[in-house]
Number of protein chains: 2
Amino acid sequence: MSTLKEIAQYVGVSSASVSIYLNDNATNRISPRTKLKIDEAIKKFKYQRNMFARNLSTSKSNIIGIIFPTIVPMFMNDFTNPILSGVQSRLSANGYAMLFFPSFAGTSSEIAKRQLTASVGCDGYILFSTGFCSLQDILANVQELQNLQKPYVTLNIPELDLPINQVILKDLDSTLGIEYLLGKGFRQILLVLGREKDVHTRSMMKKIPNLLKQRGIPFDDRYVIYGNYTAEDSAKEFSRFLDMGIPVEAICCMSDIMAASITTAIKQSGLSVPEDISVMGRNNSLYSRISDPQLTTMDLHMFEAGQSAANLLFDSLAGGDAKQKVAIAGTIVERKSVPKAGRDSLASRIDHTFSLPACRRHWYSVV
Amino acid sequence: MSTLKEIAQYVGVSSASVSIYLNDNATNRISPRTKLKIDEAIKKFKYQRNMFARNLSTSKSNIIGIIFPTIVPMFMNDFTNPILSGVQSRLSANGYAMLFFPSFAGTSSEIAKRQLTASVGCDGYILFSTGFCSLQDILANVQELQNLQKPYVTLNIPELDLPINQVILKDLDSTLGIEYLLGKGFRQILLVLGREKDVHTRSMMKKIPNLLKQRGIPFDDRYVIYGNYTAEDSAKEFSRFLDMGIPVEAICCMSDIMAASITTAIKQSGLSVPEDISVMGRNNSLYSRISDPQLTTMDLHMFEAGQSAANLLFDSLAGGDAKQKVAIAGTIVERKSVPKAGRDSLASRIDHTFSLPACRRHWYSVV
DNA sequence: CATAGTATGTTAACCGGTTAATATTGGATA
DNA sequence: TATCCAATATTAACCGGTTAACATACTATG
């Protein structure tokens, strides 16, 4: 690669001249004749500017660091992909590149820490948490980010009572779905959760007993199984559940994949959905549409959450000092796996637009 | 953010000392006492090195630029996600970060060009092509990359007769699947392709007539429909096909999503899979396992292709001068949507391991 | 005591750009 | 002719690190 200096030398001007021209080719500080000569030289030497030198000089990189602590490969997750996609679409539209730091084996907090210490220089950051993060990890990561003294936004993280920019999936705890089923009159509801030890799972497990109690339903832990977000495990656990022979009217799953897998299992056992058992998924992913019957599902609006995170970051980058919290509310997408009939106490939350993200934002400033 | 210089000043040493220590904290050029003091200062000021300054100084960034020209959001694609995932897993394992450049609206070649011109400074590059790239675009992108004089690998690109590093999905044209169905004795095969104007689609359409002719089957273009890789379009086009009332024994789809959608449509029309019509998917995605019946599908081994691309890049980064071509062969994953009975001429290509990527690499050097 | 070696640092150039401040030239104007 | 201004270009500091080469003091050795 040739450098600015070489181009300047070749043309017979100072490197400042070339730089000035490159940064504003309509400048009138460089004569048309010189501009032409510079153009020629650039073409001849196939010159392109070194982005890192520019970044250093301007202390602006147009790069947003994505802190995504995971011990499994990225881009394979039905839940985080739409979020990343939302982030990417907004960042791209505003000319920002995304930098994914290496995410080796190890605990998630180690990963995040390494990612952060390697990352100084980005214009801003977006901090994800994945199922592998404990609350403690998350707080440590936030602290670490704080040190960088650059704008950042947290995403897919349980609501924190801190003056930081955060985008919250309001219905991540999925009580929305349970309430929907309760509203339909179901009483014997099987919960198919993800990994037993995840933060999100634990926080759910704290809320559910109360939720049921409010309806006069005693909590019975036999009605909770863990499908680890995989088709295989959820089918396996479900069959074990069936073997117990306890009655079930509806199933609320923490992912469409698990819901689809269980739907198949139900059909294979000779029962039918929703006549015998109702099934509810989560994510409004393609799986929910391809499943037969099509799944009624919770749409947490992840894509939009990703977009919001990027938007929040833009506010911050533009100098907005107020830290904001954006809560994205989930909606229910009614399809065929839960009968429409029945008392319906959540009408306002039901999204009849099928699949277009119907966004409901609740903005409120924190500090 | 504090800087190296500030830390050095605070400790009372030269910035070189601090730098030397940071780059090798086991160095014996710095006394234990000084090391301690530096540690304290770093902790006190929460100092972290600026990555861009380091990159500039060392002319090594540990960043790989991902050139991914697309006009739709990334990370939403069932085909490219596993490839990206494979790339990411290898890059991460070797300590490399991934930089995704902004990908605005516009033609894919514009996008790639902008991505490239903004990217000088990465240690290496991986060039994707997406459905939006024409062959001409691809060649232009390769040329552009060549100018950067850095190692790069092309991926998901039709085989090019150029001395460059390329990873090829050997069975991207999916004749593998058609041959499999032909081998089973099917004659009336409906092809469900993606977008009519994609490079890949066009290159397929060139090969298919010959393929059929070899078996004595005349090519009939009514047996080709375009599902645009979506569940909706493929269902719609398939129903239009059914309306034509021409006989069909088997369906070969260019994605599991389309196959799953069509499987549902078949069932809804009162026919059954595979008794009445066989259906074959592509990608061995989760969709193929969740579909009912589970889909027989082509596994192109995209994850592994991604890994190979990263590996090739490592070879190049390590100074390997020989340009390599890696062809990843596809395999057939037999499930339930095509009956097992029948003549089977492709036994060696059938993968009975269900879903673990059974890799078959064919290495050969080009130059 | 002279010499070599070790431990501990420092100097200064460099990576490849950007930019505020300054310089030069020539033509227009009073 | 003196003055001013526009057009064009350069100088030099700076961004925040890295590193080869050099410097100094102290210890060990013959």
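Residues numbered from 1 in each chain as written. Chains lettered and ligands numbered in written order. Predicted model: local features only at pLDDT ≥ 70, side-chain atom pairs only at ≥ 80, totals over all residues. Heavy atoms only, no water.

**Overview of the overall build of chain A**
- On a plain count of helices and strands, chain A comes out with 13 helices and 14 strands.
- Projected onto its principal axes, the C-alpha coordinates of chain A cover approximately 85 × 40 × 35 Å.
- Relative to its 367 residues, chain A shows a buried fraction of 55%.
- Taken as a whole, chain A presents about 15,300 Å² of accessible surface, with 51% of it coming from carbon and sulfur.
- When the 40 basic and 34 acidic side-chain charges of chain A are each reduced to a single mean position, those positions are 8 Å apart. (Helix = DSSP H or I, 4+ residues; strand = E, 2+ residues; numbered from the N terminus. Buried < 20%, exposed > 50% of the residue type's maximum accessible area, 1.4 Å probe, protein only. Areas by Shrake-Rupley, 256 points an atom, 1.4 Å probe, with all protein chains shown as cover. Lys, Arg positive; Asp, Glu negative; His and termini not counted. Charge placed at Lys NZ, Arg CZ, Asp CG, Glu CD.)

**Brief notes about the domain arrangement of chain A**
- Taken domain by domain, chain A comprises domain 1 (4–49), domain 2 (63–171 + 303–328) and domain 3 (175–299 + 331–358).
- For domain 1 of chain A and domain 3 of chain A, the distance between their C-alpha centres works out to 64 Å. (Domains from an automatic or database assignment.)

**Description of the nonpolar core**
- The biggest cluster of nonpolar side chains holds 154 residues, and the ones touching the most others in it are I66, F100 and I251 of chain A together with I66, F100 and I251 of chain B.
- Leave out the neighbours within four places in its chain, and F100 of chain B touches F75, A97, M98 and F100 of chain A together with I66, M74, F75 and L84 of chain B.
- Formed by 44 residues, the second largest nonpolar core is a distinct cluster that contains I63, L99, L116 and L145 of chain B. (Core = buried A, V, L, I, M, F, W, Y, C linked by side-chain atoms within 4.5 Å. Contact = heavy atoms within 4.5 Å.)

**A look at the protein's contact with DNA strand C**
- Neighbouring DNA strand C are 27 residues; L4, S19 and S57 of chain A together with S17 and S31 of chain B lie closest to it.
- If you look at DNA strand C and keep only atoms within 4 Å of the protein, 59% of those are sugar or phosphate atoms.
- Taking R54 of chain A, its side chain carries an N or O atom lying 2.8 Å from a phosphate oxygen of DNA strand C.
- Contact between DNA strand C and S31 of chain B: a phosphate oxygen at 2.4 Å from a main-chain N or O atom of the residue.
- Sorting the residues of the surface near DNA strand C by element identifies α2 (15–23) and α4 (51–58) of chain A together with α2 (15–23), α3 (32–45) and α4 (51–58) of chain B as the ones contributing at least two each.
- Taken together, the residues of the surface near DNA strand C sort by class into 10 nonpolar, 13 polar and four charged. (Near = heavy atom within 4 Å. Polar contact = N/O pair within 3.5 Å; in protein donor to acceptor, adjacent residues only side chain to side chain. Nonpolar A, V, L, I, M, F, W, Y, C, P; charged D, E, K, R; others polar.)

**Considerations on the packing of helix α1 (residues 4–11) of chain B against α2 of chain B**
All names here are of chain B.
- With their axes 8 Å apart at the nearest point, α1 and α2 run at an angle of 110° to one another. Classed by the angle they form, the pair α1 and α2 counts as roughly perpendicular. Contacts from L4, K5, I7 and A8 of α1 reach α2 at S15, V18, S19 and L22.
- When grouped by side-chain class, the residues that make up the contact of α1 with α2 number five nonpolar, two polar and one charged. (Axes fitted to C-alpha atoms, helices over the stretch in contact; angles between N-to-C directions. Parallel < 35°, antiparallel > 145°, perpendicular 65-115°, else oblique.)

**Points about the protein's contact with DNA strand D**
- In the neighbourhood of DNA strand D, 28 residues make up the surrounding shell, with S31 of chain A together with L4, S19, R54 and S57 of chain B lying closest.
- Looking at DNA strand D alone, sugar and phosphate atoms form 61% of those within 4 Å of the protein.
- In this structure, N23 of chain B approaches DNA strand D through a side-chain N or O atom, which is 3.3 Å from a phosphate oxygen.

**Examining the pairing of strand β11 (residues 324–328) of chain B**
Residue and element names in this part refer to chain B.
- Extensive coverage of β11 is indicated by the burial of five of its five residues.
- In β11, alternate side chains face the same way, and those of Q324, V326 and I328 on one face and K325 and A327 on the other are all buried.
- As judged from the four bridges shared by strand β5 (residues 165–169) and β11, these two strands associate in the parallel manner. Bridged to L169 within β11 is I328. (Pairing = 2+ DSSP bridges.)

**Section: the interface of chain A and chain B**
- Listed per partner, the contact involves 56 residues of chain A and 56 residues of chain B.
- Across the interface of chain A and chain B, roughly 5,000 Å² is buried in total on both sides, 65% from carbon and sulfur atoms.
- Area buried by chain A at its contact with chain B is led by F52, F75 and I290 of chain A, which between them contribute 15% of it.
- Between E232 of chain A and R289 of chain B there is a salt bridge, and its shortest N-O distance comes to 2.7 Å.
- At the junction of chain A and chain B, the tally comes to 10 residue pairs in polar contact (both at pLDDT 80 or more).
- For the side of chain A that touches chain B, the secondary-structure elements that each account for two or more residues are α4, α5 (80–93), β2 (97–100), α6 (108–117), α7 (135–148), α10 (231–244), α11 (256–268) and α12 (286–290) of chain A.
- Among the elements that make up the side of chain A that touches chain B, the one with the highest residue count is α5 of chain A (seven residues). (Buried area = accessible area lost by both parts, 1.4 Å probe. Salt bridge = Lys/Arg side-chain N within 4 Å of Asp/Glu carboxyl O.)

**Here we look at the relation of the copies chain A and chain B**
- With an RMSD of 0.1 Å, chain A superimposes on chain B once it is rotated by 180° and translated 0.0 Å along the axis. Put plainly, the chains are arranged around a two-fold axis. Of the C-alpha atoms belonging to chain A, the one lying closest to the rotation axis is found on L99 of chain A, 2.2 Å away. (Least-squares fit on C-alpha atoms with pLDDT ≥ 70 in both.)

**A look at empty space enclosed by the protein**
- Throughout the structure, instances matching the rule amount to two cavities of 30 Å³ or more.
- Estimated volume of the largest cavity: approximately 70 Å³.
- Together, T264, K267, I290, S291 and D292 of chain A together with A260, T264, K267, I290, S291 and D292 of chain B line the largest cavity.
- Elements with a contribution of two residues or more to the lining of the largest cavity: α11 of chain A together with α11 (256–268) of chain B.
- The element that contributes the greatest number of residues to the lining of the largest cavity is α11 of chain B, accounting for three residues.
- Tallied by class, residues from the lining of the largest cavity come to three nonpolar, four polar and four charged.
- The space that makes up the second largest cavity amounts to roughly 30 Å³. (1 Å grid on protein atoms, 1.4 Å probe; cavity = no way out; pocket = protein on both sides within 12 Å on 5 of 7 lines; lining within 4 Å. Points joined across faces, edges and corners; volume = space filled by probe spheres on them.)

**Let's talk about unusual backbone geometry**
- A cis geometry characterises the amide bond from V273 of chain A onward to P274 of chain A, with omega recorded as 5°.
- Following D292 of chain B, the chain continues to P293 of chain B via a peptide bond in cis, the omega torsion being 0°.
- Its place among the elements puts P293 of chain B in the loop between α12 (286–290) and β10 (296–299).
- At N228 of chain A, a position not held by glycine, the phi torsion is positive, near 55°.
- Note on placement: N228 of chain A falls in the loop between β7 (224–226) and α10.
- Exposure remark for N228 of chain A: the relative accessible area of 28% places this residue in the partly exposed category.
- Located in the positive-phi region is H301 of chain A, a residue other than glycine, with phi close to 60°.
- Structurally, the position occupied by H301 of chain A is in the loop between β10 (296–299) and α13 (302–317).
- What makes H301 of chain A buried here is its relative accessible area of 2%.

**With respect to the packing of aromatic side chains**
All names here are of chain A.
- For the structure shown, the criterion picks out 18 aromatic pairs over all chains.
- Where Y10 meets F45, the ring centres are 5.0 Å apart and the plane angle is 85°; that geometry is what we call edge-to-face. Placement of Y10 in helix α1 (residues 4–11) and of F45 in helix α3 (residues 32–45) is noted, with a sequence separation of 35 residues between them.
- Seen from their ring centres, F238 and F241 are 6.3 Å apart, and the 20° between their planes marks the pair as stacked. Note that F238 and F241 are positioned in helix α10 at a spacing of three residues, about one turn of the helix.
- On the basis of relative accessibility, which here comes to 1%, the residue F238 falls in the buried class. (Phe/Tyr/Trp six-rings, centres within 6.5 Å; stacked < 30°, edge-to-face > 60°.)

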